[in-house]
Amino acid sequence: MKLNTLFCLPFFLLLPSLAFGGVVWNTPPLDKHLADAKKANSMVVLKFDASWCPSCQDLKKEVFQTDAGEKAFEGLIPVVVDFDIPANRILVERYVVLGLPTVVVLNAAGKQVGRIAGFETPADWLSEFSQARKGQGLLTDIAAKFNKSPTSPKVVLDYGHTLLVNGQIKEG
């Protein structure tokens, strides 16, 4: 009987990792992960969330814990930043997190190249994430509008707001 138990125990311990796909998250400090990204010629993805945030939990369940979510994060270094931990306030402020969930894509130098705020549907989020990891999306679109109409008050306000939300405070 003991032999069967000892034989089955390793398989039982592996079962949770086999049963659930998904993104495996790291935790701060950010500097360590940026150094790893430089070595691997990769990017870091910061996920700002909280246990009390319903949209954060939906994003986790519907994207991050799925095979599609895992595939979207291949080659990236994912880092979860708990909004409620006081030590993480510096990251919340540095990346101007105004709402949850917020996902920020950083190059190896720590410069933001993409951002997604909120969560609607898995398909929409994964599409936005694909653009964000390429440095495309909302900021690029608004910058193009600003270049076409730099005197339009609405365009100027939209562009400034987007720059601020994207952590580009001086430019905003």
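Going by the structure above, here's the rest.
My aim in this report is to walk through the structure given alongside it, one point at a time. Bear in mind the structure is a predicted one, so any value in this text is a computation, not a measurement. The residue numbering used here restarts from 1 in each chain and proceeds along that chain's sequence as written. Note on the predicted model: pLDDT of at least 70 is required for a residue's local features to be given, and 80 or more for side-chain atom pairs to be given and counted; whole-chain, interface and lining totals, by contrast, use all residues. Based on all heavy atoms of the structure, the side-chain values leave hydrogens and waters out of the count.

### Observations concerning the overall build of the protein chain
Okay, so step 1: In this description a helix means any DSSP run of H or I spanning at least four residues, a strand means any run of E spanning at least two, and both kinds are numbered starting from the N terminus. A tally of regular secondary structure across the protein chain gives 8 helices and 4 strands.
Okay, so step 2: In sequence order, the secondary structure elements of the protein chain are arranged as α-α-β-α-α-β-α-β-β-α-α-α.
Okay, so step 3: Sorting the 172 residues of the protein chain into buried and exposed places 36% on the buried side.
Okay, so step 4: When contacts within the protein chain are restricted to residue pairs at least 6 apart in sequence, those whose partners lie at least 24 apart make up 66%.
Okay, so step 5: Where accessible areas are quoted, they stem from the Shrake-Rupley method and a 1.4 Å probe; at the residue level, only the protein chains shown are allowed to cover. Per element, the accessible surface of the protein chain, about 10,700 Å² overall, is 61% carbon and sulfur. Burial here depends on accessible area, computed with a 1.4 Å probe over protein chains only, as a share of the maximum for the residue type. Under 20% is buried, over 50% is exposed, and the range in between is partly exposed. Any two residues whose heavy atoms approach within 4.5 Å at even a single point are treated as in contact.

### Some remarks on the pattern of salt bridges
Okay, so step 1: Salt-bridge detection follows one rule: a side-chain nitrogen of Lys or Arg within 4 Å of a carboxyl oxygen of Asp or Glu. A complete count under the given rule lists 2 salt bridges for this structure.
Okay, so step 2: Between D36 and K32 there is a salt bridge; the shortest N-O distance is 2.8 Å. One end of the pair is D36 and the other is K32, both in helix 2 (residues 30–40) and 4 residues apart, which spans about a single turn.
Okay, so step 3: Judged by its relative accessible area of 26%, D36 is partly exposed.
Okay, so step 4: Note that D49 and K47 form a salt bridge whose closest N and O atoms lie 3.2 Å from each other. Here D49 matches K47 in class, with each residue buried.

### Description of the packing of helix 3 (residues 54–64) against helix 6 (residues 122–133)
Okay, so step 1: Only the contacting stretch of a helix is used when fitting its axis, a line to C-alpha atoms as for every element, and angles between N-to-C directions run 0 to 180 degrees. It is the contact of helix 3 with helix 6, at a shortest axis distance of 10 Å, that shows an interaxial angle of 80 degrees. Between helix 3 and helix 6, the interaxial angle falls into the category roughly perpendicular. Mapping the contact onto sequence places L59, E62, V63 and F64 in helix 3 and P122, W125 and L126 in helix 6.
Okay, so step 2: Looking at side-chain class alone, the contact of helix 3 with helix 6 contains 6 nonpolar, no polar and 1 charged residues. For classification purposes, angles smaller than 35 degrees are called roughly parallel, those larger than 145 roughly antiparallel, those between 65 and 115 roughly perpendicular, and all remaining angles oblique. Side-chain classes follow a simple rule in which Ala, Val, Leu, Ile, Met, Phe, Trp, Tyr, Cys and Pro form the nonpolar group, Asp, Glu, Lys and Arg form the charged group, and the remainder, Gly included, forms the polar group.

### Here's the deal with the layout of surface pockets
Okay, so step 1: Each pocket or cavity is described by its volume, and for the second largest pocket that value is around 210 Å³.
Okay, so step 2: Grid points spaced at 1 Å and placed over the protein atoms alone form the basis of the search, with a cavity being a set where a 1.4 Å probe fits but cannot get out and a pocket an open set showing protein on both sides within 12 Å along at least five of seven lines. Lining residues have an atom within 4 Å of a point. Taken together, 14 residues form the lining of the second largest pocket, with W25, K47, D49, K60 and Q65 sitting closest to its centre.
Okay, so step 3: Looking at the lining of the second largest pocket element by element, the count peaks at 3 residues for helix 3.
Okay, so step 4: Here the lining of the second largest pocket is composed, by residue class, of 5 nonpolar, 5 polar and 4 charged. Grid points are joined across faces, edges and corners, and a volume is the space filled by probe spheres set on the points.

### Description of the state of the cysteines
By definition, a disulfide links the sulfur atoms of two cysteines through a covalent bond.
Okay, so step 1: Any two cysteine sulfur atoms within 2.5 Å of one another count as a disulfide. Under the counting rule described, the total for this entry stands at 1 disulfide.
Okay, so step 2: Disulfide pairing is shown between C53 and C56; the S-S distance is 2.4 Å. Sign of the S-S torsion, about 80 degrees for the bond between C53 and C56, identifies this disulfide as right-handed. Of the two residues, C53 and C56, neither departs from the other in class, the shared state being buried.

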